[in-house]
Structures are given as C-alpha cells and as structure tokens.
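Observations on chain architecture
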Amino acid sequence: MTPDTDHHISVVPVEGGWRVLSPFDDTPLMFLSGAKAEEKAKALAERLAATGHDARVLIHDRTQALIGTWRYFADDAPMAELPVRAAD
C-alpha cells in the first residue's frame, strides 16, 4: 500500500475533551484526556495492521495543528478481518 491508501485515525480536540475518528465506524470516540485518546488511536491502528491494513495515526493539538504522526504497516498474514468503512 502507498501512504495515500493508509487508513487514517485522527485525534482532534473538541469542546470538553478529545475525539478519535477512525475507519471502524461512523461514531467517533470521546475522551477527557488527550493521552487516553492517543492511546486508543494507536491501539486501533495496531488492530488494523494486524488485519492486513496500513494505518496512520494523526495527532492534533488544541489549535488543530498536526503535531505527530505514526505509521503502522500491515502484517503479511492478517489474523482476522475487521470491517472498515469506505473512505469518504
């Protein structure tokens, strides 16, 4: 896969906390702690990689600036398939 085909998991600030947006479903996850949101985003990326999908975690600060990215490369032999919604 090329970087353009990575599944993006984003951590973004929202009023009162942090939101994790992922390709798993249309419902974002909410956290009071930015660290907890980042931890969940990385865990989701690891799950995607384990199922044969490249993933990229994008971390934004309170000003919406991108402050960090992590790449997770697909495992050669996926353990199982996870449902991933189509990119918009």
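Before reading further, recall that the structure is shown in the block above.
In this report, we go over the structure that sits alongside the text. (Residues numbered from 1 in each chain as written. Predicted model: local features only at pLDDT ≥ 70, side-chain atom pairs only at ≥ 80, totals over all residues. Heavy atoms only, no water.)

Turning our eyes to something else, we now look at the nonpolar core. Counting residues in each nonpolar core, the largest one holds 15 residues, and the members touching the most others are Ile-9, Val-11, Val-20, Ala-41, Ala-45, Val-57 and Tyr-72. Those elements that provide at least two residues to this core are β1 (7-14), β2 (17-21), α1 (34-50) and β4 (55-60). Per-element accounting of this core gives the leading share, six residues, to α1. Once residues within four sequence positions are removed from consideration, Val-20 is found in contact with Ile-9, Ser-10, Val-11, Pro-28, Leu-29, Phe-31, Ala-37, Ala-41 and Leu-44. (Core = buried A, V, L, I, M, F, W, Y, C linked by side-chain atoms within 4.5 Å. Buried < 20%, exposed > 50% of the residue type's maximum accessible area, 1.4 Å probe, protein only. Helix = DSSP H or I, 4+ residues; strand = E, 2+ residues; numbered from the N terminus. Contact = heavy atoms within 4.5 Å.)

The geometry of an aromatic ring pair comes down to the distance between the two centres and the angle between the two planes. With the rule as written, the count across this model stands at zero aromatic pairs. Over the ring of Trp-70 we find Lys-42; its NZ or CZ atom is 3.8 Å from the centre of that ring. (Phe/Tyr/Trp six-rings, centres within 6.5 Å; stacked < 30°, edge-to-face > 60°. Lys NZ or Arg CZ within 6 Å of the ring centre and 35° of its normal.)

This brings us to the sheet that holds β4. Overall, mixed pairing links the five strands, which are arranged β3-β2-β1-β4-β5 in an open sheet. Pairing within the sheet leaves two strands with one partner each, and these edge strands are β3 (29-31) and β5 (66-72). Strand-to-strand twist in this sheet, taken as the mean axis angle between neighbours without regard to direction, amounts to 20°. Two elements, β2 and β3, share three bridges in a ladder whose sense is antiparallel. (Pairing = 2+ DSSP bridges. Axes fitted to C-alpha atoms, helices over the stretch in contact; angles between N-to-C directions.)

One side chain can pair with another of opposite charge once the charged atoms of both are near each other. Considering all chains together, one arrives at three salt bridges under this definition. Between Arg-56 and Asp-6 there is a salt bridge, with the nearest N and O atoms lying 3.2 Å from each other. Here Asp-6 lies in the segment before β1 and Arg-56 lies in strand β4, a separation of 50 residues in the sequence. Across the pair, Asp-6 and Arg-56 agree in class, each one buried. Salt-bridge contacts for Glu-38 lead to Lys-42; the nearest nitrogen and oxygen are separated by 2.9 Å. Remark: Lys-42 and Glu-38 occur in helix α1; sequence separation between them is four residues, near one turn of the helix. The network of salt bridges with common partners includes Asp-6, Arg-56 and Arg-71. (Salt bridge = Lys/Arg side-chain N within 4 Å of Asp/Glu carboxyl O.)

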